[in-house]
Amino acid sequence: MRSELTTASPVFEANRARGAVRFDVHARDGVTRRGTLHESGSLRVRFPSPEDDGLSGVFVNTAGGVAGGDRFDIEITAADAARLTLTTAAAEKVYRAPGPAAQLNIALKVAAGSHLGWLPQETILFDRARVQRRFDIEIDEGASLLLCEIVVFGRTAMGERMEQGEFVDRWRLRRGGKLVFAETVRLDGNIGAKLARSAVAKGGAAIGTALIAPGDEALVERLREASDSFSGEVGISAWNGFAMARFCAQDAARLRADMMAVLARTGAALPRLWLN
């Protein structure tokens, strides 16, 4: 008699990846140092080299990607005038999920006088991938934040497209305890057909967001000066004391180039892994 392994089986559940990273950073005498660090499961963070103007961290997922039912939790606090930039060792791949969606939960806290740059490489969704991501961000008055995310719906260079699946992306930003930005993006079912619509992505396979705090109209005008170099669509605006750039392109390479052009105008130093 042949036995079938289903997504509801104890064996399948026991093989789901779990990972968590929690740490804080502080500045002493102008130098940012790591405080308490907690790691569990398949998620790790490494600090490859000290830098004059802050600390850099690189996330590594030893599970080799994200699949249905996986869960990863990240909690980071930047305090005492610390400067921290975070990225990933490679693009994160989210694979087909026949059962429950993968869960990605990110909580970021930035104290007054501190800066946090969240600059992971692309998240690539394979066909029939299912993922739910949540950002909870708290910044104090006088803190600064640069948060960039790129999502790619299929590897177009490999002739792949994401046709079916689920992508839920929930962002909440609070400044001084007050909610100043809230957004939830939900794409499910026939995602390929939805992305083809003119009002959604006009056939684009990559989207991105850069959130910059503080941000104002002067910053918006400076970012728009890079518009002649854009190969995709980019919309830039400011409100509630922060600026935001939205990106949509036919493929990840074009969107990444547009994102880098915008970030260059902010004066932010890109992680070295972005430049390889």
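The model shown is predicted, which means the values in this text are computed figures rather than measured ones.

Chemist: Hey, could you run me through the overall build of the protein chain in this one?
Modeler: Counting secondary structure elements, the protein chain contains 4 helices and 18 strands. Its C-alpha atoms put the protein chain at 70 × 45 × 40 Å along the principal axes. Here the protein chain holds 276 residues, and the buried ones make up 47% of them. Excluding contacts between residues fewer than 6 apart, the proportion of contacts in the protein chain whose partners are at least 24 apart in sequence is 72%. Surface accessibility of the protein chain: about 13200 Å² in total, with carbon and sulfur atoms responsible for 49%. Counting 36 positive and 34 negative side-chain charges, the protein chain places the centres of these two groups 4 Å from one another.

Chemist: So what exactly am I meant to see when it comes to unusual backbone geometry here?
Modeler: Across the chain, the bulk of peptide bonds are trans and the bulk of non-glycine residues have phi less than zero. Note the cis peptide between Ala213 and Pro214, where omega equals 0°. Inspection of the secondary structure puts Pro214 in the loop between β16 (206-213) and α3 (217-224). The phi torsion at Asp29 lies on the positive side, around 55°, for a residue other than glycine. Within the secondary structure, Asp29 sits in the loop between β1 (18-28) and β2 (31-41).

Chemist: Teacher, can you tell me more about α3 here?
Modeler: Quick reminder: α-helices carry 3.6 residues per turn. Residues three or four places apart thus point the same way. Listing the buried residues of α3 in full gives Leu219, Val220 and Leu223. Projected down its long axis, α3 carries its buried residues within an arc of 105°, all on one side. Here α3 starts with a cap whose side-chain oxygen sits 3.2 Å from the backbone nitrogen of Ala218, and that cap is Asp216.

Chemist: I'm lost on the environment of Ala107 in this one. Help?
Modeler: Checked against the element boundaries, Ala107 lands in strand β9 (residues 102-110). Sequence separation between Ala107 and Ile150 is 43 residues; the distance between their C-alpha atoms is 18 Å. If we skip the residues at most four places from it in the chain, Ala107 touches Ile74, Glu75, Ile76 and Asp136.

Chemist: Can you help me understand the pairing of strand β10 (residues 115-118) in this one?
Modeler: Across a regular strand the side chains alternate sides, sitting on one face of the sheet and then on the other. With burial as the criterion, each face of β10 is covered, one bearing His115 and Gly117 and the other bearing Leu116 and Trp118. Note: strand β7 (residues 83-88) against β10, 4 bridges, orientation parallel. Considered in β10, the bridge of Leu86 is made with Trp118. Judged from the 4 bridges that link them, β10 and strand β13 (residues 144-153) form a sheet pairing that is parallel. When the sheet's bridge partners are listed, Leu116 is paired in β13 with Leu145.

Rules used in this analysis
- Residues numbered from 1 in each chain as written.
- Predicted model: local features only at pLDDT ≥ 70, side-chain atom pairs only at ≥ 80, totals over all residues.
- Heavy atoms only, no water.
- Helix = DSSP H or I, 4+ residues; strand = E, 2+ residues; numbered from the N terminus.
- Buried < 20%, exposed > 50% of the residue type's maximum accessible area, 1.4 Å probe, protein only.
- Contact = heavy atoms within 4.5 Å.
- Areas by Shrake-Rupley, 256 points an atom, 1.4 Å probe, with all protein chains shown as cover.
- Lys, Arg positive; Asp, Glu negative; His and termini not counted.
- Charge placed at Lys NZ, Arg CZ, Asp CG, Glu CD.
- Arc of directions from axis to C-beta.
- Polar contact = N/O pair within 3.5 Å; in protein donor to acceptor, adjacent residues only side chain to side chain.
- Pairing = 2+ DSSP bridges.

Without other data, these values stay purely geometric and don't point to any function.
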